[in-house]
Amino acid sequence: MAAHLSYLMSKLQTLSTSDHSSVVSMNLFVALLLACIVIGHLLEENRWVNESITALLIGVCTGIVILLISRGKSSHLLVFSEDLFFIYLLPPIIFNAGFQVKKKQFFVNFITIVMFGAIGTLISFCIISLGATQIFKKLDIGSLDIGDYLAIGAIFAATDSVCTLQVLNQDETPLLYSLVFGEGVVNDATSVVLFNAIQSFDLTHIDSRIALHFMGNFLYLFFTSTMLGVFAGLLSAYIIKKLYFGRHSTDREVALMMLMAYLSYILAELFYLSGILTVFFCGIVMSHYTWHNVTESSRVTTKHAFATLSFVAEIFIFLYVGMDALDIEKWRFVSDSPGTSVAVSSILLGLLMLGRAAFVFPLSFLSNLAKKNPNEKISLRQQVIIWWAGLMRGAVSIALAYNQFTRSGHTQLRPNAILITSTITVVLVSTVVFGLMTKPLIRFLVPHSKQTTSMVLSEPNTPKSIIVPLLRQDSEGDLGSQEVRRPASIRDLLTTPTHTVHRYWRKFDNAFMRPVFGGRGFVPFVPGSPTERNNTQWQ
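Owing to the predicted nature of the structure, the values given are computational and were not obtained by experimental measurement. (Residues numbered from 1 in each chain as written. Predicted model: local features only at pLDDT ≥ 70, side-chain atom pairs only at ≥ 80, totals over all residues. Heavy atoms only, no water.)

### Observations concerning helix 3 (residues 82-100)
(1) Moving on: Taking 1.5 Å per residue, 19 residues should reach 27 Å; helix 3 reaches 26 Å between its end C-alpha atoms and fits that length.
(2) Moving on: Maximal helix bending in helix 3 amounts to about 45 degrees, located at leucine 90; proline proline 91 follows within four positions.
(3) Moving on: Counting buried positions over the 19 residues of helix 3 gives 14, a clear majority of the element. (Helix = DSSP H or I, 4+ residues; strand = E, 2+ residues; numbered from the N terminus. Expected span 1.5 Å × (residues − 1). Bend = angle between axes of the 7 residues up to and from the residue. Buried < 20%, exposed > 50% of the residue type's maximum accessible area, 1.4 Å probe, protein only.)

### Points about a nonpolar patch on the surface
(1) Moving on: A cluster of nonpolar side chains, namely Met26, Val30, Leu34 and Ile37, defines an oily patch on the protein surface of about 340 Å² accessible area.
(2) Moving on: By the element assignment, valine 30 lies in helix 1 (residues 2-42).
(3) Moving on: Take valine 30: its relative accessible area is 41%, and that puts it in the partly exposed class. (Patch = residues over 30% accessible without salt bridge, like charges linked within 9 Å, V, L, I, M, F, W, Y side chains within 5 Å. Areas by Shrake-Rupley, 256 points an atom, 1.4 Å probe, with all protein chains shown as cover. Salt bridge = Lys/Arg side-chain N within 4 Å of Asp/Glu carboxyl O.)

### What about the packing of helix 3 against helix 11 (residues 275-293)?
(1) Moving on: Packing of helix 3 against helix 11 brings their axes to within 7 Å, and their N-to-C directions diverge by 45 degrees. Between helix 3 and helix 11, the crossing angle belongs to the class labelled oblique. The chirality of how helix 3 crosses helix 11 is right-handed. Contacts between helix 3 and helix 11 involve Leu90, Pro91, Ile94, Phe95, Ala97, Gly98 and Phe99 on the former and, on the latter, Ile276, Val279, Phe280, Cys282, Gly283, Ile284, Met286, Ser287 and Trp291.
(2) Moving on: In terms of residue class, the contact of helix 3 with helix 11 is built from 13 nonpolar, three polar and no charged. (Axes fitted to C-alpha atoms, helices over the stretch in contact; angles between N-to-C directions. Parallel < 35°, antiparallel > 145°, perpendicular 65-115°, else oblique. Left-handed = near helix turned anticlockwise from the far one by under 90°. Contact = heavy atoms within 4.5 Å. Nonpolar A, V, L, I, M, F, W, Y, C, P; charged D, E, K, R; others polar.)

### Some remarks on the environment of phenylalanine 311
(1) Moving on: Assignment of secondary structure puts phenylalanine 311 in helix 12 (residues 296-324).
(2) Moving on: For phenylalanine 311 and isoleucine 93, which are 218 residues apart along the polypeptide, the C-alpha to C-alpha distance reads 7.4 Å.
(3) Moving on: If sequence neighbours within four positions are ignored, phenylalanine 311 has contacts with Ile37 and Glu51.

### Details of the pattern of salt bridges
(1) Moving on: Evaluated as defined, the whole model comprises three salt bridges.
(2) Moving on: In this structure, arginine 356 and glutamate 183 form a salt bridge, with 2.8 Å as the shortest nitrogen-oxygen distance. Of this pair, arginine 356 sits in helix 14 (residues 338-369) while glutamate 183 sits in helix 8 (residues 174-200), and the two are 173 residues apart along the sequence.
(3) Moving on: The shortest N-O distance in the salt bridge between arginine 514 and aspartate 509 comes to 3.3 Å.
(4) Moving on: The exposure class assigned to aspartate 509 is buried, which follows from its relative accessible area of 2%.

### Re the nonpolar core
(1) Moving on: Grouped together as the largest cluster of nonpolar side chains are 130 residues, with contacts concentrated most on Phe29, Phe136 and Ile152.
(2) Moving on: Looking at which element gives the most residues to this core, the answer is helix 8, with 15 residues.
(3) Moving on: In this structure, isoleucine 152 is in contact with Ile128, Ala132, Phe136, Leu348, Phe405 and Leu419, ignoring residues within four places of it in sequence.
(4) Moving on: Formed by six residues, the second largest nonpolar core is a distinct cluster that contains Ala237, Tyr289, Met513 and Phe517. (Core = buried A, V, L, I, M, F, W, Y, C linked by side-chain atoms within 4.5 Å.)

Right, dumping it as structure tokens:
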């Protein structure tokens, strides 16, 4: 009995020690997040550094310190988890991106964005997979099957839309922002869908039937994920418009919007769809309908809340990636052949640069052929920026690499260890080197005048003007107060398809969608509001 009690006491002491160490780790991590915010603010005007690079470098420096203190045992405070990334950190980032995007600019370029994000990703995926298959077999890496090579293509075809958002400005370069940002979101979704499809198929015997099934499954996931996000956004708009939560509490409106957006993402993951696409289009629909159905205070609150959650999640991801880059468990397996690891990383960097160039310039040429207005065409300088800005790789690539090549947090196989460390190296080099050069490259190739900023600040009094950096809803002019001429012939219809589709969508939206789901112009009834007092005086 005494032995049993002493065993229980030792277990309780171990648990309490573990809990205490977890609390210490969380305290240090929160302190590092605060340091990233402060230092990022101080470097706001720096032409080279952005917040992603700042958090990444702070993470690397912290990892070195922890590595020295622990005498080479560990370099990070928290254990990387795919669930932490995909379930908790990624949804607020992608949702806020859809919620803040300028919808007209996005949908005017929608065909080009889908070409870049879907077709371009497939082209990049094929080039990286084929290149890795041919080159890696000549190196002393180890045995990799066809599924591993295809997974490498999907992993490194995923661009880092998070870092891109911090480098580009949608007010200074609206066309570039909509193209690179829109492509990044569709690209991430495409890469994840491709990766999941690769894992679910038996690729040892590939034939035409399996290839057709693969493409059909890919298109099904793409379409179904988008429709689920649209449905969730419309459902939230309808519920808030009909039930008038604001008459009792604006907190309920905010909570409903947040939970409905997160529910759409979780449902997509539950049904093995693309949660990235779902939550992105849920954000777009909510900003077009739901946001205009809530009270004024809820509009300000939701904008602050979504932007803050996204900002903290972005900093969290890059801070952890920086610390995880020095994890001794991964590097221990490749310490006997560092040259091989460097060669693999260099080859992967070269393949992703080649794969991106293989679709950006040809697809831009095809996109320009379909555009009649010279101002809407993508110039060669803009194509170079699109190519360069999409070279950064981030947490999506690391999470997919962990999924494919690790077991229980680290790998015991040398080829898997080489690919994990190479993925981390590619993410660090691409984020720091390409990220540092992106801002100067944009200012050199596409110089902008200060007139753009002054135009943004001098807009009329709209919900956007409450807080300009956060409330980035489209103005009335953006949404279509400028009448687009009716196409006079079939030729006009074919040469200006996006304007024509936008015109007919606006008519359908005003006639059918807004009366049911609310939207711009809808004024929620709130007891005690000026609207109610005016109505009482007239009775």
